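# A look at the structure
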There are 2 protein chains.
Amino acid sequence: MPDRFRILVVDDEPGIVRALGINLKALGYQVETAASGEEALRKAADHRPDAVILDLGLPGIDGIDVIRGLRVWTNVPIIVLSVREAEREKIAALDAGADDYVTKPFGMGEMLARLRAALRREIDEEAEAPVIETADFTIDLAVKRVMRGGSEVKLTPTEWGVVEVLVRHQGKLVSQTQLLKEVWGPQYGEETNYLRVFIAQVRRKLEPQPSTPRYFITEPGMGYRFQVPTA
Amino acid sequence: MPDRFRILVVDDEPGIVRALGINLKALGYQVETAASGEEALRKAADHRPDAVILDLGLPGIDGIDVIRGLRVWTNVPIIVLSVREAEREKIAALDAGADDYVTKPFGMGEMLARLRAALRREIDEEAEAPVIETADFTIDLAVKRVMRGGSEVKLTPTEWGVVEVLVRHQGKLVSQTQLLKEVWGPQYGEETNYLRVFIAQVRRKLEPQPSTPRYFITEPGMGYRFQVPTA
DNA sequence: TCCGTGCGTTAGGAACGCGTCAAGATCGGC
DNA sequence: GCCGATCTTGACGCGTTCCTAACGCACGGA
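This is a predicted model, so every value here is computed, not measured.

### Digging into the overall build of chain A
Secondary structure summary: chain A contains 8 helices and 12 strands in total. Its C-alpha atoms give chain A a radius of gyration of 18 Å, near enough to 17 Å, the size a compact globule of 231 residues would have. Referenced to the eigenvectors of the C-alpha coordinate spread, the extents of chain A come out at roughly 55 × 40 × 30 Å. Taken across its 231 residues, chain A has 47% of its residues classed as buried. Across chain A, the fraction of contacts at a sequence separation of at least 24, relative to all contacts at a separation of at least 6, is 60%. A total of about 10800 Å² of accessible surface is found on chain A, and carbon and sulfur atoms cover 51% of it.

### Quick word on the protein's contact with DNA strand C
Around DNA strand C, the structure places 19 residues, and the nearest of them are Arg203 and Thr218 of chain A together with Arg196, Arg203 and Thr218 of chain B. The sugar-phosphate portion of DNA strand C accounts for 57% of its atoms within 4 Å of the protein, the bases making up the rest. Within the side chain of tyrosine 224 of chain A, an N or O atom sits 3.0 Å from a phosphate oxygen of DNA strand C. Among the secondary structure elements, those contributing two or more residues to the surface near DNA strand C are helix H8 (192–206) of chain A together with helix H8 (192–206) of chain B. Per-element accounting of the surface near DNA strand C gives the leading share, 5 residues, to H8 of chain A. The residue inventory of the surface near DNA strand C, partitioned by class, reads 7 nonpolar, 7 polar and 5 charged.

### A look at the pairing of strand E3 (residues 51–55) of chain A
All names here are of chain A. Of all 5 residues in E3, 5 are buried, a share of seventy percent or more. Side chains of E3 alternate between two faces, with Ala51, Ile53 and Asp55 and Val52 and Leu54 buried alike. Bridge count between strand E1 (residues 6–10) and E3: 4 bridges; the pairing is parallel. Along E3, the bridge assignment pairs valine 10 with leucine 54.

### Remarks on the sheet that holds strand E8 (residues 145–148) of chain A
All names here are of chain A. Pairing within the open sheet is antiparallel, and its 4 strands lie in the order E6-E7-E8-E9. Among the strands making up the open sheet, the edge pair consists of strand E6 (131–133) and strand E9 (151–153). Along the sheet, successive strands turn relative to each other by an average axial angle of 25 degrees, direction set aside. Where strand E7 (residues 138–140) and E8 come together, 3 bridges link them in antiparallel fashion. Following the sheet pairing, aspartate 140 is matched in E8 by arginine 145. Across the face of the sheet, helix H6 (residues 157–168) comes into contact with E6, E7 and E8 while running at roughly 90 degrees to E7. The strands touched by H8 within the sheet are E8 and E9, with E8 carrying the most contacts at an inclination of about 45 degrees.

### Structural notes on the domain arrangement of chain A
Residue and element names in this part refer to chain A. When cut into domains, chain A gives domain 1 (2–127) and domain 2 (131–226). In this assembly, 14 residues from domain 1 lie in contact with 12 residues from domain 2. Of the roughly 1000 Å² buried between domain 1 and domain 2 on both sides combined, carbon and sulfur atoms contribute 50%. Summed over the shared surface of domain 1 and domain 2, the number is 1 salt bridge.

### So, unusual backbone geometry
Even without being glycine, arginine 48 of chain A reaches a positive phi, approximately 45 degrees. By secondary structure assignment, the location of arginine 48 of chain A is in the loop between helix H2 (37–47) and E3.

### A look at the nonpolar core
By size, the foremost hydrophobic cluster in this structure holds 27 residues, and its most contacted members are Ile139, Val163, Leu166, Leu206, Phe216 and Phe226 of chain A. Elements with a minimum of two residues in this core: H6, helix H7 (176–184), H8 and strand E12 (223–226) of chain A. Examining the composition of this core, we find that 6 residues originate from one element, H6 of chain A, more than from any other. In contact with valine 163 of chain A, other than residues within four places in its own chain, are Ile139, Leu155, Val202, Leu206 and Phe216 of chain A. By size, the runner-up hydrophobic cluster in this structure holds 25 residues, among which are Val146, Val162, Leu195 and Phe198 of chain B.

### Here we look at H8 of chain A
Residues and elements named next belong to chain A. When the terminal C-alpha atoms of H8 are compared, their 21 Å separation across 15 residues agrees well with the 21 Å that a helix rising 1.5 Å per residue should span. Among all positions in H8, only Leu195, Ile199, Val202, Arg203 and Leu206 are buried. Down the axis, H8 shows its buried residues gathered within 100 degrees of arc, on one side only. H8 presents Arg196 and Arg204 as exposed residues on the side facing more than 90 degrees away from its buried surface. Its buried side turned inward, H8 meets E8, E9, H6, H7, strand E11 (216–219) and E12.

### Concerning the pairing of E12 of chain A
Residue and element names in this part refer to chain A. Pairing between strand E10 (residues 173–175) and E12: 3 bridges, direction antiparallel. Bridge pairing in E12 links serine 175 to glycine 223. Where E11 and E12 come together, 4 bridges link them in antiparallel fashion. Counted as the bridge partner of threonine 218 is tyrosine 224 from E12. In sequence, E11 turns back onto E12 through a hairpin of 3 residues, with glycine 221 there showing a positive phi of about 80 degrees.

### With respect to the pattern of salt bridges
All names here are of chain A. All chains considered together, the criterion is met by 24 salt bridges over all chains. Across the salt bridge formed by glutamate 32 and lysine 43, the nearest N and O atoms sit 3.8 Å from each other. One end of the pair, glutamate 32, is in strand E2 (residues 30–34); the other, lysine 43, is in helix H2, with 11 residues separating them in the sequence. Residue class for glutamate 32 comes out partly exposed when judged on its relative accessible area of 27%. A single network of salt bridges, built from pairs that share partners, joins Asp100, Glu110, Arg114, Glu219 and Arg225.

Rules and cut-offs
- Residues numbered from 1 in each chain as written.
- Chains lettered and ligands numbered in written order.
- Predicted model: local features only at pLDDT ≥ 70, side-chain atom pairs only at ≥ 80, totals over all residues.
- Heavy atoms only, no water.
- Helix = DSSP H or I, 4+ residues; strand = E, 2+ residues; numbered from the N terminus.
- Rg over C-alpha atoms; globule rule 2.2 N^0.38 Å.
- Buried < 20%, exposed > 50% of the residue type's maximum accessible area, 1.4 Å probe, protein only.
- Contact = heavy atoms within 4.5 Å.
- Areas by Shrake-Rupley, 256 points an atom, 1.4 Å probe, with all protein chains shown as cover.
- Near = heavy atom within 4 Å.
- Polar contact = N/O pair within 3.5 Å; in protein donor to acceptor, adjacent residues only side chain to side chain.
- Nonpolar A, V, L, I, M, F, W, Y, C, P; charged D, E, K, R; others polar.
- Pairing = 2+ DSSP bridges.
- Axes fitted to C-alpha atoms, helices over the stretch in contact; angles between N-to-C directions.
- Domains from an automatic or database assignment.
- Buried area = accessible area lost by both parts, 1.4 Å probe.
- Salt bridge = Lys/Arg side-chain N within 4 Å of Asp/Glu carboxyl O.
- Core = buried A, V, L, I, M, F, W, Y, C linked by side-chain atoms within 4.5 Å.
- Expected span 1.5 Å × (residues − 1).
- Arc of directions from axis to C-beta.

So, in C-alpha cells, the structure goes:
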C-alpha cells in the first residue's frame, strides 16, 4: 500500500492529459502519461502504476486491446474514458476487464471520486475481506451466509450467486452480460430480465429501503455495482 | 508448524513462476517450482510443502488430476490459478479438493493474502480440538465416537462419514457434490438421494427433534451445514 | 407531445429439491 | 449357508424456487 499512488493517464488529446495531470499532481498523486496504446503498455510495465485512466479512442492499438494487454499480468484498476455515444464500446471494455468508466466530457470531481473508489477497492482486496460488513448486513463469503440484524437471511441459490459475484467485484461495475455468464452459465448473456427479477429480490432482502438502493446499484444501460457507502 | 514455510509453485509460464518466486523469497518463504503436473507431484512428495500454488492450465496432466493426486495422501492447502472465464473449471477444482482460487491476472497483494490465509487455516486446524461438545451430544473425532445422554450412539460407517465431513467443516456450507465425493468417493457427485436418506438417519439419531433440526441444517439447493446453536 | 427503450414490480404455473417411507440388494460374521 | 445389519433404489407428497409474461414508470429523442 504505497503512500503516494502512481497514476498512468493514457489519452491522445494533450488538453485532457494536461488537465488531469495538473489536478492529480495537486492532490499528491504521481502521474505518468502516454499518448498511444503501445506507450501505455510499455510505461505500465516500467512504472507499475496503482491505477490507469485510459481513453478508448486512441490512435493505433484499440483501447480494448490495451485492457487485454494489461490484464495478462496485472489487475491494476482501469478506469475507462469514452464519449457518450459509444455504449457498445464501454460494455466491451468492462467485459475485457475494465473496472469503471467515465463519459467524456467529465467533471473533474467525478473523475477523482471514481479514482479514489478504485484505489480504495484495491487496498480492501489486499487486506483480504471474505467477510463484508456494512451498516445493515454482513456477508460471509467463505461460509456462504448473510446476517442481518442478528438473524440469518435466507438466500436462494440464484440469489446467492448474484450477491457473490457482485460482492467479489466490490466497487467495480459488472456488466449485465458478465453477471449472467457467471451466475447462469456461459450460454447466457442476453436474458437481462432475469437480472431485473433477482436484483429486485436481493434488494428486498438486504436493502433497508429496497426502492432506493444504497448497496446494489444500477448503472443504467451498463450493469450493476455493489458498493459500501463511505459514510 | 515450521518457522519458514515451504511453498510449491506449479506453472508452465516462466514469467509467473519468476514473479511469484521473487516475491515469496523476499518475504522469507522457501520456494520450490515445477513446470508440469508430473514434476509437481514428484516435488511435492520429496519436499512436503506447506502450501501449493497450482496453475490449472498445465501441459500434460490436467490440473484437476494433480489436485486429486495430491489429495490421495495429503491435505496440504492448494491455491488454484485460472483464467477469468473458466468458472466451471474453478468449481471442479474446488470439488476436487482445492482450498482457494485466484483468477489470472492476479495482483501480488491478493495472492499473498490468500496464501497467508491458507497457512493460517492449516495452523488452526492442527491446533484444533477434535472434540465437539453441544448441549445434546458430544462428537470425538479422534476416537470416532458420539456420546449422547451418557451412553454411546452407534453410527454406521456411512453415517459417521457424513457426520465427520460436516463437523470438520463446522459452520461452513458443504455442497452436496463435495459431501458425496468426500464420503462415497470421487466418482460420485450426482446421487443426492443418498444424502437425503443418510442425513435423515443422522438427524434421527442425534437431533433432539429430527423434524426441526438444530445442528444439521439444510440449505436448500446448495448443501448442508453443521452448526452449534449459539443460544 | 408522442413514442421507444430500459428498469422495477408483480403474479402464476411449471419444474425442481427435499424429507419420508419401504422394499430389494449387498455385505459380513458366525 | 444363514441371518442381521447396512446400503441402494424407487416412489410419493409437499413446499420452494425459477422462469416467464405483463404492466407501470421514468427518461430521452423525434
